[in-house]
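Coordinates in review
For reference, the chains in residue letters:
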Amino acid sequence: MRTRPVRTRPVRIRSMRTSDMKTTIIAFAALLAAPAMAQTAPQNSSRDLGAPIPEGGEVETVEESQGLTGSVSFEGNLDDLGIAIPAFATDRDGPTPANSQGTAALGTELARVITSDLRNNGLFKPTGPDSLPRPTYPEITAPNFATWSNRGAEMLVQGYVRARGDGRLTIGCYLYDMQLRSELVREGWVVPPADWRRAAHKCADLVYSRLTGESPFFDSRIAYIAETGPKDNRTKRLAIMDSDGANHRFITTGQSTALTPRYSPDYRKLTYLSYVDGNPRIYVYDIGTGTQTLITQSANPTFAPRWSPDGRWILYSMAVGGNTDIYRVSANGGGRSEKLTDAPGIDIGGSYSPDGSRIVFESDRSGVQQCYVMNADGSNQRRISFGSARCATPEWSPRGDQIAFTNTSNFNVSVMSPGGGNVRQLTSGWQDEAPTWSPNGRIVQFFRTERNTGSTSLWQVDLTGENLRELPTPVDASDPAWGPILP
Amino acid sequence: MTTRKIAFALATGTLALAACSKKAPEQLPPAPQQEGTTTPTPTATAPNNGPGTQQHFLQTVGQANTVIYFGLDQYNVDAEDQRILQTQAQYFSQYPNVTFTIEGHADERGTREYNLALGERRANAAKNYLVSVGIPANRIRTISYGKERPVAMGSNEQAWAQNRRAATVVIN
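Computed from a predicted model, the values in this text were never measured in an experiment. (Residues numbered from 1 in each chain as written. Chains lettered and ligands numbered in written order. Predicted model: local features only at pLDDT ≥ 70, side-chain atom pairs only at ≥ 80, totals over all residues.)

**Some remarks on the overall build of chain A**
A count of helices and strands for chain A gives three helices and 33 strands. The proportion of buried residues among the 487 residues of chain A is 49%. (Helix = DSSP H or I, 4+ residues; strand = E, 2+ residues; numbered from the N terminus. Buried ≥ 20, exposed ≤ 12 C-beta atoms within 10 Å, placed from the backbone.)

Structural data, given as structure tokens:
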């Protein structure tokens, strides 16, 4: 029988001194495995759903640095920054559900995941554990700098993994500056074994943030649509994965077409469009229970669901007599929908500013697709995109400083300022569309369609327009939606 | 019957229109597909090929008269579309118990969500015309498939012209 951990409130221990190698864990509500609640009888709207997937456990931060103290010696281009990432050490090689070969093998895997994160990001030159010596457990907090200094790396990432008595893992991560021969940052986490990769992503985030000054983004997930089959009979399934493509899972079986998913800000729900009842309708899927509900009872088709940043509202678009407008409804369900636009034509989509006060959306009220901004209550609607570009699928950056959109004049992904200025084209595929932001607002992800075949794939590119790369997915992929940093 | 008169009156102009219009797909698209999760498609082996079946509708009006086509980003029902829809209206007037669905579609050169709304707008344009010539609105269901169900597979103007369509299907 499938089990899943009971949800508990996250426990974070802040303000521990860097020098305190404390491992004291505050008494923590045990993550007892409990049988999943008996599922209610399958309803019409849930017949396309696969078995519920296990929810992630909590990641507990057990030691944390005192912010950014001290300087970094490296002053060159980050692209050239060599980072050595040897296998994480373990105090005692023992069994763990996270790796069939024990904690020592898991230590190598952790370093591989961190290396892959930092390499794929394109900013650094990491060297992974497969071509480096393995430090001993005591060396993690006292590196043998002489060993590493003749390997040409400017930075050293070391860490450890320990199996705890309760089955969970304690994983520590340390960043050292080779030239200064000093520690730049450290952090440790206690994770359920199934979530070991999250500790690796958190370590990569720690290194990335310390060296670039940017906010983290690796410890996050992506919802998207997995596509298979010929162009005239595509199967489109709702699927989710970690930011690096790992832990891939299908949510729907593919019997009905699923489109345009969005993670709720707390990652507990997904909203998306499904044809499961024969019509395009928006549902909210609860990841914990594996059930879904309609967001609004209406005979009209509903499209383009979006969460507000605080998770309290869902925006959706509804066509009445062929005229599409944007509505807002409480995410808890049961509330009345509030109509935010009433222009003749297609008003659709919408993306909140990070503070939730404004919404950027798409409208063809001028005759062609353009982007508009309004207050969250629908007031003060004004067009922001002018010039040659046609503006569709606008997405407000989590940092608030940019809006990404699809330029439907030539199907590239571009960014502009929230006022509509400083338009910059980031991509140039045959058809690129539907941008979504990394949690830190530094990377734009989108999907690319191939001419004639209709083959689709996920891509991402830096806000600078550099480091374009394809994300590996098991099958064709579209409609990516990158969630925030995991809670 | 009014619709019949109009249909005859417009029939002569149709050939000329087809030559220069936005549409004119050289090969006709296959019959519209039905939503996989709804009622199964009536088959030849089934006894139900009388009025109220897709087969009967197709045989009576002709496949070419089950679909209207649109210009790029357009949803207006022009003279040729009106002739086709009048042919459909004749059928649905003759069989007043038959309910039917208009499927709206878009070509692949549009964003996914906008195309869903555009397909809905096209299906409604066809529906509104049928209502205007006397078919009760409560017999007509509309559904948009956006760009999800192309009938022409290429990525070229000709294929896109075939995919910008509103297809009438009888689902019983």
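Structure shown, so let's carry the discussion forward.
**Overview of the nonpolar core**
Core analysis: the biggest nonpolar cluster contains 126 residues, and A:Leu110, A:Ile114, A:Val157 and A:Val444 have the highest contact counts within it. When residues of this core are assigned to domains, at least three fall in each of domain 1 (3-36 + 56-212) and domain 2 (220-485) of chain A. If near-sequence neighbours (up to four positions away) are discounted, A:Val157 is found in contact with A:Ile83, A:Ile85, A:Ile114, A:Cys173, A:Leu175, A:Cys203 and A:Val207. Counting 28 residues, the second-largest nonpolar core is a separate cluster that includes B:Phe92, B:Ile102, B:Leu130 and B:Val170. (Core = buried A, V, L, I, M, F, W, Y, C linked by C-beta atoms within 7 Å. Domains from an automatic or database assignment. Contact = placed C-beta atoms within 7 Å.)

**Observations regarding the domain arrangement of chain A**
We note that the domain assignment places domain 1 (3-36 + 56-212) and domain 2 (220-485) within chain A. Across the side of domain 1 of chain A that touches domain 2 of chain A, the residue classes break down as no nonpolar, three polar and two charged. (Nonpolar A, V, L, I, M, F, W, Y, C, P; charged D, E, K, R; others polar.)

**Notes on the environment of A:Pro126**
Residues and elements named next belong to chain A. Looking at where Pro126 falls in the secondary structure, it is placed in strand 6 (residues 125-127). Separated by 162 residues in sequence, Pro126 and Gly288 have C-alpha atoms that sit 37 Å apart. Ignoring any residue separated from it by four or fewer positions in sequence, one finds Pro126 in contact with Ile83, Ile85, Thr115, Leu118 and Arg119.

**With respect to the sheet that holds strand 27 (residues 412-416) of chain A**
With respect to topology, four strands assemble into an open sheet ordered 25-26-27-28 (chain A), the strand pairing being antiparallel. Two strands in the sheet have a free side with no partner beyond their single neighbour: strand 25 (391-396) and strand 28 (424-425) of chain A. (Pairing = 2+ DSSP bridges.)

**As for unusual backbone geometry**
Residues and elements named next belong to chain A. Despite not being glycine, Asn452 has its phi angle at roughly 70°, a positive value. Positionally, Asn452 belongs in the loop between strand 30 (443-449) and strand 31 (456-462). Accessibility expressed as a C-beta count within 10 Å gives 13 for Asn452, which makes it partly exposed. At Asp479, a residue that is not glycine, the phi angle is positive and equals roughly 50°. Within the secondary structure, Asp479 is located in strand 33 (residues 476-485). For Asp479, a count of 28 C-beta atoms within 10 Å puts it in the buried group.

**Comments concerning the packing of helix 1 (residues 103-120) of chain A against helix 3 (residues 196-212) of chain A**
Packed helices, taken two at a time, are described by the angle their axes make and the gap between the axes. Residue and element names in this part refer to chain A. Helix 3 packs onto helix 1 with a crossing angle of 45° between their chain directions and a minimal axis gap of 9 Å. Taken together, the axes of helix 1 and helix 3 are oblique relative to one another. In the packing of helix 1 onto helix 3, the handedness of the crossing is right-handed. On helix 3, the residues that touch Leu106, Leu110, Val113, Ile114, Asp117 and Leu118 of helix 1 are Trp196, Arg197, Ala199, Ala200, His201, Cys203, Ala204, Val207 and Tyr208. For the contact of helix 1 with helix 3, the class distribution of residues is 12 nonpolar, one polar and two charged. (Axes fitted to C-alpha atoms, helices over the stretch in contact; angles between N-to-C directions. Parallel < 35°, antiparallel > 145°, perpendicular 65-115°, else oblique. Left-handed = near helix turned anticlockwise from the far one by under 90°.)

**With respect to the sheet that holds strand 1 (residues 67-69) of chain B**
All names here are of chain B. In spatial order, the strands read 1-4-2-3; together these four strands make up an open sheet with mixed pairing. Two strands close off the open sheet at either side, each with one partner strand: strand 1 and strand 3 (140-146). Neighbouring strand axes in the sheet, compared pairwise and without regard to direction, differ in orientation by 20° on average.

**Looking at the interface of chain B and chain A**
Each partner contributes to the interface: chain B provides 25 residues, whereas chain A provides 36 residues. Of all the elements in the fold, those that place two or more residues in the side of chain B that touches chain A are helix 4 (112-132) and strand 3 of chain B. Taken together, the residues that form the side of chain B that touches chain A break down as nine nonpolar, eight polar and eight charged.

**A few points about the packing of helix 2 (residues 54-61) of chain B against helix 3 (residues 79-94) of chain B**
Residues and elements named next belong to chain B. Running from amino to carboxyl end, helix 2 crosses helix 3 at an angle of 125°, the nearest separation of the two axes being 10 Å. The orientation of helix 2 relative to helix 3 falls into the category oblique. Classified by chirality, the crossing of helix 3 by helix 2 is right-handed. In this structure, helix 2 uses Phe57, Thr60 and Val61 to contact helix 3, whose residues at the interface are Thr87, Gln88 and Tyr91. Here the contact of helix 2 with helix 3 is composed, by residue class, of three nonpolar, three polar and no charged.

**Describing the confidence of the model for chain B**
Residue and element names in this part refer to chain B. Overall, the predicted model of chain B reaches an average pLDDT of 82, with 72% of residues at or above 70. Here residues 1-21 scores under 50 on pLDDT; set against residues more than four positions off or in separate chains, the count is 26 contacts. When the criterion is pLDDT under 50, residues 28-46 qualifies, and its contacts beyond four places in sequence or with other chains add up to 34 contacts. With pTM at 0.86, the complex prediction returns an ipTM value of 0.88. (pLDDT = per-residue confidence, 0-100.)

**Digging into helix 1 of chain A**
All names here are of chain A. Under the 1.5 Å per step criterion, the end-to-end length of helix 1 is 25 Å for 18 residues, consistent within 8% with the ideal 26 Å. The set of residues buried in helix 1 consists of Thr103, Leu106, Gly107, Leu110, Ala111, Val113, Ile114, Thr115, Asp117 and Leu118. On its buried face, helix 1 sits against strand 4 (82-84), strand 5 (89-90), strand 6, strand 7 (155-163), strand 8 (169-177) and helix 3. Note on helix 1: the residue one or two positions beyond its end, Gly122, has a positive phi of about 80°. (Expected span 1.5 Å × (residues − 1).)

**Regarding helix 3 of chain A**
Residue and element names in this part refer to chain A. Helix length check: helix 3 (17 residues) gives 25 Å between terminal C-alpha atoms against 24 Å at 1.5 Å per residue, within 8%. Counting buried positions along helix 3 gives 14 out of 17 residues, so the element sits mostly inside the fold. Gly213, located one to two residues past helix 3, shows a positive phi value of around 80°.

**A word on the pairing of strand 8 of chain A**
Residues and elements named next belong to chain A. Among the nine residues of strand 8, nine are classified as buried, and the element is accordingly described as predominantly covered. Side-chain alternation along strand 8 places Leu169, Ile171, Cys173, Leu175 and Asp177 on one buried face and Thr170, Gly172, Tyr174 and Tyr176 on a second face that is also buried. Taken together, the nine bridges between strand 7 and strand 8 define a ladder with antiparallel strand orientation. Of the residues in strand 8, the one forming a bridge with Val161 is Ile171. Adjacent in sequence and paired antiparallel, strand 7 and strand 8 are bridged by five residues, among which Gly167 carries a positive phi angle near 95°. Inspection of the sheet shows strand 8 paired to strand 9 (residues 182-191) by nine bridges, in the antiparallel sense. Residue pairing in the sheet places Cys173 in a bridge with Glu187 of strand 9.

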